[in-house]
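What follows is each chain in one-letter form.
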Amino acid sequence: MDERVRELAAKLLSAGYDDLPEREQRVLRRIAARAAISRNINETFRSDLTLGQRVADRVAAFGGSWTFIFLFAALILGWVASNVWLMTAPADPYPFVFLNLILSMIAAIQAPVIMMSQNRQAAKDREVAGHDYEVNLKAELEILSLHEKLDDMRQRQLEEHFRRLETRLDALREIRG
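Parameters and conventions
- Residues numbered from 1 in each chain as written.
- Predicted model: local features only at pLDDT ≥ 70, side-chain atom pairs only at ≥ 80, totals over all residues.
- Heavy atoms only, no water.
- Helix = DSSP H or I, 4+ residues; strand = E, 2+ residues; numbered from the N terminus.
- Buried < 20%, exposed > 50% of the residue type's maximum accessible area, 1.4 Å probe, protein only.
- Axes fitted to C-alpha atoms, helices over the stretch in contact; angles between N-to-C directions.
- Parallel < 35°, antiparallel > 145°, perpendicular 65-115°, else oblique.
- Contact = heavy atoms within 4.5 Å.
- Nonpolar A, V, L, I, M, F, W, Y, C, P; charged D, E, K, R; others polar.

Tell me about the environment of L51, residues and numbers included.
Locating L51 in the fold gives a position in helix α4 (residues 51-63). According to the relative accessible area criterion, L51 is exposed, its value standing at 59%. Between the C-alpha atoms of L51 and L169, which are 118 residues apart in sequence, the distance is 81 Å.

Below is the structure:
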C-alpha cells in the first residue's frame, strides 16, 4: 500500500509523498485504503470534555440566553423595588452599592468562564475546518481520479473506433483495388 500512496501523491498532487504535510498524507493513505475520511467531530470533541469545560459551556449557554436576561432583569427590578418601596429600613439603600458589588462579582466570574467556552469553540471550529479540508481534498482527488479513468475509457473507445474505421477502409480498398 505504501507504494500505491506514493504513486497517488505523485499523480494527483504532483508532489512527493514525503514532501506533503501530515494531513495530506493521511488523506492519501485513506484513498489508497478506500476508507472513508469523514467522522463526527462533535462526538469526538464532546467525549474529550472535562467537567470544567462542560460547566463552562453550560454557563456560557445560559449566560447568553434570553432566559438569563429576563431572570436577571426581574431579579434586579425585584431588588430595587424591595429596597426602595417595600422596606422601611432597606438593606441596600439607593444607590444600591451592595447590588453593584454583587453584579461586579458575577461579571468577574462569568466573563472568564464564557471566554473559556469561546476558546474551546474556536478550537473546535479549527478542528472542523481541518476536517472539512481533508474531506474536500479527498473528494477533489477522487474526482480527479474519476476524470482520469473516464479519459482512459474515452481514449480506448476512440482507439477502438479508429481501428474499426481502419478495418473498413482496408476492406473498401480491397473491394476497389
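So much for the structure itself; the text now carries on.
So, the environment of G177: which residues are in play, and what are the values?
Position of G177 relative to the elements: it lies in the segment after α6 (97-176). A residue is classified by how much of its surface remains accessible, and G177, at 92% relative accessible area, is exposed. For G177 and R126, which are 51 residues apart along the polypeptide, the C-alpha to C-alpha distance reads 75 Å.

Help me get a handle on the packing of α4 against α6, residues and values and all.
Remark: α4 packs on α6, axes separated minimally by 8 Å, with the N-to-C direction vectors making an angle of 110°. Taken together, the axes of α4 and α6 lie roughly perpendicular to each other. Counting all contacts with α4, which are made through Q53, A56, D57, V59, A60 and G63, the residues of α6 involved are Q110, V113, I114, M116, S117 and R120. Residues of the contact of α4 with α6, tallied by class, amount to six nonpolar, four polar and two charged.

On their own, these measurements won't tell you what the molecule is for.
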